[in-house]
Amino acid sequence: MPRNDIAVVGAGLVGAMVATLLTQRGFRVSVFEKRPDPRRAGVQGGRSINLALAERGLHALRATGLAEQVLAQSVMMRGRMVHDPAGHSALQRYGADDSEVIWSVSREGLNGLMLDAAEAAGATFHFGQGLESADLDAGRLMLRSTDGTQRSIDAPVVIGADGAGSALRAQMHRHAPLGERVEELGHGYKELEIPPGSDPSAPFAIEPHALHIWPRGHYMCIALPNREGSFTVTLFLPNEGEHPSFRSIAGAGAAEAFFRADFPDALALMPTFAHDWAAHPVGMLATLYLDRWHIGGRALLIGDAAHAIVPFHGQGMNCGFEDAAELADLFAADPTDPAAVFAAFETRRKPNADAIARMALENYVEMRDKVADPVFLRKRELGALLTERCPSHYLPRYRMVTFTHLPYAYALERGQAQDTLVEQLLKGHDSVGTVDIEAAVRALQATLPPLPAEAFERGLRPALGGA
Ligand code: FAD
Ligand code: 8R5
């Protein structure tokens, strides 16, 4: 390969994104993907799997020119709809208004749009060609095709976007240890489905414009809407231990009894429950930490390959897209020195990847337990009030993560400081109503510096597009 040629391993969400952005900046990009072209092969198992797209992901999509098209295929989610055990539900808005919402998008649809865009920009794709091994000293990749044939190619500069089970990571590790650590959560997930109702003019069985949560303390169900009127439901549950756990629930019949007791309203909307339970495997959840993401200027890991996280903040793809955008910016600024680019990328992104990994773990407790807790709700209410009264100094952490481009590490740190203050302000109060708001604002301004300008540069999302 001549200079300025970059090989990308993996044509998933992050691989397609980085290929598009680098091609747009004048690099010649070849992408090698183990699986067949998903635009031809169709989804595995025919299931619709959706993802929550937020500002960081949308920002990268804007750079590719795809944002409008993606939003037009998505369903807007204004907040969390919390379903209590008695069957009541209430919406907790994510932001101030409909400019602060997240979007439920089909993984298959998004991946297809992104592959089309990367090809249109000039990137070359080789489907059905998996990375098998790599000689990083010689700058060669060994690939195996679906039909079993092997070949090797020159690739002096390679980016690994091959996901949590990255083959490039394993090859890099052989070359020089990366300091890999995998922390399993001990909880897994099972995907289920609420199909569209029979009335084609109102196909959604529950509120379409929300991310639904059934919090139950140590476990929970969630549901995200799909455009055609169905919902993808996910149960998160401990793998082992006392009932309920995946181990304690033996088979679809026992699972149905568990749902009848704990999620009766959701079960009533899932006619294919028993089939889905038996057919879908339990997914595993873990956080991946590495000490190093690159080997000189030869190989770099991005996306899940570098920092797979648990799903509870809905930021895995969003963070991977932000990786791709930052990497493309660094490459554009210094196109001839991949070693310097990779080192700068690792220095900039690693603290942020660590921060979102931690916040994602924390958000599991928030979703499954705290969203129904009065103390948590008071803190949230006072936080919202402070943002309204003093936007220069207070922005809830969830909103920094989801609706701004502030570094994740900043959101984590600022969130802790804000939280401490709100706890102090609420001391001795059973309700936000008795807190002196003027005094609280003064305390806020005296304790914390103003938020950086980036907090207010939230991408203006058009009200158009989306269902
Ligand atoms: P992947 O999407 O895993 O892509 C890796 C690609 O590399 C694949 O195409 C794979 O076939 C290919 N590959 C693997 N091995 C090789 C090889 N040896 N050679 C060549 N190619 C190879 N994130 C969010 O932001 N919001 C959400 O709501 C959300 N929901 C999720 C729901 C589910 C069910 C799951 C599983 C994840 C969810 N995530 C979400 C996380 C998100 O999917 C990932 O963070 C994101 O897909 C990472 O992209 P990636 O390109 O790094 O990896
Ligand atoms: N990933 C999400 C959020 C935060 C919602 C909130 C949470 C399913 C396997 Cl669990 C989860 C969120 O705090 O109110 N935004 O987007 C997506 C989530 O799970 C996805 C769909 C998922 C991996 C299964």
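Note that the coordinates shown come from a computational prediction; the quantities given were computed from them, not determined experimentally.

Chemist: For this particular structure, what's the right way to read the overall build of the protein chain?
Modeler: The secondary structure content of the protein chain amounts to 16 helices and 19 strands. Radius of gyration (C-alpha) of the protein chain: 23 Å, near the 23 Å computed for a compact globule of 467 residues. Referenced to the eigenvectors of the C-alpha coordinate spread, the extents of the protein chain come out at roughly 70 × 60 × 45 Å. Buried positions account for 52% of the 467 residues belonging to the protein chain. Residue pairs at least 24 apart in sequence account for 71% of intrachain contacts in the protein chain once pairs closer than 6 positions are excluded. A total of about 19,600 Å² of accessible surface is found on the protein chain, and carbon and sulfur atoms cover 52% of it.

Chemist: Before we go on, may I ask you to explain the pairing of strand 3 (residues 50-53) in this structure?
Modeler: In regular strands, side chains alternate between the two faces of the sheet. Burial of strand 3 is two-sided: the residues N50 and A52 facing one way and the residues L51 and L53 facing the other way are all buried. Bridge analysis of strand 3 against strand 7 (residues 102-106) gives four bridges, and the strand direction is antiparallel. Paired with N50 across the two strands is S106, which belongs to strand 7.

Chemist: Would you mind going over the packing of helix 1 (residues 13-24) against helix 5 (residues 107-121) with me for this structure?
Modeler: The contact between helix 1 and helix 5 brings their axes to 9 Å, and the two run at 25°. Taken together, helix 1 and helix 5 sit at an angle that is classed as roughly parallel. The element helix 1 and its partner helix 5 pack so that their crossing is left-handed. The segment helix 1 lies against helix 5, with L13, A16, M17, A19, T20, T23 and Q24 engaging R107, L110, N111, M114, L115, A117, A118 and A121. Residues belonging to the contact of helix 1 with helix 5 are distributed by class as follows: ten nonpolar, four polar and one charged.

Chemist: Help me out: how do you make sense of the packing of aromatic side chains in this one?
Modeler: Two measures describe an aromatic ring pair: the distance that separates the ring centres and the angle between the ring planes. Per the counting criterion, the structure on display carries 20 aromatic pairs. Between Y94 and Y398, the aromatic rings sit 4.8 Å apart at their centres with planes inclined by 20°, giving stacked as the arrangement. Remark: Y398 occurs in helix 14 (residues 397-403) and Y94 occurs in the loop between strand 6 (89-93) and strand 7; sequence separation between them is 304 residues. Accessibility classification places Y94 together with Y398 in one group, the buried group.

Chemist: For this particular structure, what's the right way to read the site of ligand 1?
Modeler: Residues in close proximity to ligand 1 total 28 residues, the closest being E33, A52, R107, L131 and D304. At 3.1 Å, a side-chain N or O of R35 approaches an oxygen atom of ligand 1. Within the side chain of D304, an N or O atom sits 2.8 Å from an oxygen atom of ligand 1. Contact with the protein chains removes 83% of the 1,000 Å² of surface that ligand 1 exposes when unbound. Sorting the residues of the shell around ligand 1 by element identifies helix 1, strand 2 (28-33), strand 3, strand 9 (129-135), strand 13 (181-194) and helix 11 (316-333) as the ones contributing at least two each. Here the residues of the shell around ligand 1 sort into eleven nonpolar, ten polar and seven charged.

Chemist: Would you mind showing me how to read the side chain of T20 here?
Modeler: With respect to the secondary-structure elements, T20 resides in helix 1. Contacts of T20, omitting those with residues within four sequence positions, involve T64, M114, A117, A118 and A121.

Chemist: Any chance you could explain the site of ligand 2 here in plain terms?
Modeler: What surrounds ligand 2 is a group of 16 residues, the closest being A52, R80, Y94, P311 and N363. Within the side chain of R80, a nitrogen or oxygen atom sits 2.5 Å from an oxygen atom of ligand 2. N363 has a polar side-chain atom sitting 2.9 Å from an oxygen atom of ligand 2. Across the complex, the protein chains shield 89% of the 540 Å² of accessible surface that ligand 2 would expose by itself.

Chemist: What's the story with the sheet that holds strand 2 in this structure? I'm lost.
Modeler: Spatially, six strands are ordered 8-2-1-12-19-18 in an open sheet, and the strand pairing comes out mixed. Where the open sheet ends on each side, the last strands, each with one partner, are strand 8 (124-127) and strand 18 (294-295).

Chemist: What exactly am I supposed to notice about unusual backbone geometry here?
Modeler: When glycine is set aside, most residues are seen to have a negative phi, and most peptide bonds are trans. Omega for the peptide link from H243 to P244 comes to -5°, which places this bond in the cis form. Of note, P244 is situated in the loop between strand 16 (231-238) and helix 7 (251-262).

Chemist: Where do I start with the side chain of K190 in this structure?
Modeler: Within the element layout of this structure, K190 appears in strand 13. Among buried Asp, Glu, Lys and Arg side chains, K190 stands out as unpaired, with E191 the closest opposite charge at 9.9 Å. Polar side-chain contacts of K190 include one of 2.7 Å to the backbone oxygen of H280. Discounting chain neighbours no more than four positions away, the residues touching K190 are V233, T234, L235, F246, W277, H280, P281 and V282.

Chemist: Would you take a moment to explain the sheet that holds strand 16 for this structure?
Modeler: The seven strands lie next to each other as 6-5-14-15-16-13-17, forming an open sheet whose pairing is mixed. Both outer strands of the open sheet, strand 6 and strand 17 (283-289), are each paired with one neighbouring strand and no more. Sheet twist, expressed as the mean angle between neighbouring strand axes with direction ignored, is 25°. Sheet topology note: the strand 15 (residues 220-225)/strand 16 ladder contains six bridges and is antiparallel. Bridge pairing in strand 16 places M220 opposite F236.

Chemist: Could you clarify how one ought to interpret the packing of helix 1 against helix 11 in this entry?
Modeler: When two helices pack together, their arrangement is given by the angle between their axes and by how far apart the axes lie. Running from N to C, helix 1 and helix 11 cross one another at 25°; their axes reach a closest spacing of 9 Å. In terms of axis orientation, helix 1 runs roughly parallel to helix 11. By crossing handedness, the relation of helix 1 to helix 11 is classed as right-handed. Counted together, L13, V14, M17, V18, L21 and L22 of helix 1 and M317, G320, F321, A324, A325, L327, A328 and F331 of helix 11 form the full contact between these two elements. Looking at the contact of helix 1 with helix 11 residue by residue, the classes come out as 13 nonpolar, one polar and no charged.

Definitions and cut-offs
- Note on numbering: residues in each chain are counted from 1, in written sequence order.
- The order in which chains are written sets their letters, starting at A; the order in which ligands are written sets their numbers, starting at 1.
- In view of the model being predicted, local features appear only for residues whose pLDDT reaches at least 70, and side-chain atom pairs are presented and counted only at 80 or more, with totals across whole chains, interfaces and linings using the full set of residues.
- Derived side-chain values reflect all non-hydrogen atoms in the structure, with water molecules and hydrogen atoms excluded from consideration.
- Starting at the N terminus, helices and strands are each numbered in turn, a helix being any DSSP run of H or I of at least four residues and a strand any DSSP run of E of at least two.
- Only C-alpha atoms enter the radius of gyration; for comparison, a globular chain is expected to reach 2.2 Å times N to the power 0.38, where N is the number of residues.
- Partly exposed residues are those whose accessible area sits between 20% and 50% of the maximum for their type, while under 20% is buried and over 50% is exposed, using a 1.4 Å probe and protein chains only.
- The contact definition used throughout considers only heavy atoms, calling two residues in contact when any of these lie within 4.5 Å.
- The Shrake-Rupley method, run with a 1.4 Å probe, gives the accessible areas here. Residue values count only the displayed protein chains as cover.
- When DSSP locates at least two bridges between a pair of strands, those strands are taken to pair.
- In this analysis, axes come from line fits to C-alpha atoms, helices being fitted only over the stretch in contact, and the angle between any two N-to-C directions falls in the range 0 to 180 degrees.
- Oblique is the label for any angle not covered by the other classes, which are roughly parallel (under 35 degrees), roughly antiparallel (over 145) and roughly perpendicular (65 to 115).
- Left-handed is the label given to a crossing in which the near helix is rotated counterclockwise from the far helix by less than a right angle, and right-handed is the label when the rotation is clockwise.
- In this classification, Asp, Glu, Lys and Arg are treated as charged, Ala, Val, Leu, Ile, Met, Phe, Trp, Tyr, Cys and Pro as nonpolar, and every other residue, Gly included, as polar.
- The rule is short: rings of Phe, Tyr and Trp, with Trp giving its six-membered ring, pair when the centres are within 6.5 Å, and they are stacked under 30 degrees, edge-to-face over 60, tilted in between.
- Any residue with a heavy atom positioned within 4 Å of a molecule or strand is treated as near that molecule or strand.
- Between N or O atoms, a polar contact is any pair within 3.5 Å; within protein, one atom must be a potential hydrogen donor and the other a potential acceptor, and residues adjacent in sequence are included only when both atoms are from side chains.
- His is not counted, nor are the chain ends; Lys and Arg add positive charge and Asp and Glu add negative charge.
- Salt bridge, as used here, is a side-chain nitrogen of Lys or Arg placed within 4 Å of a carboxyl oxygen of Asp or Glu.

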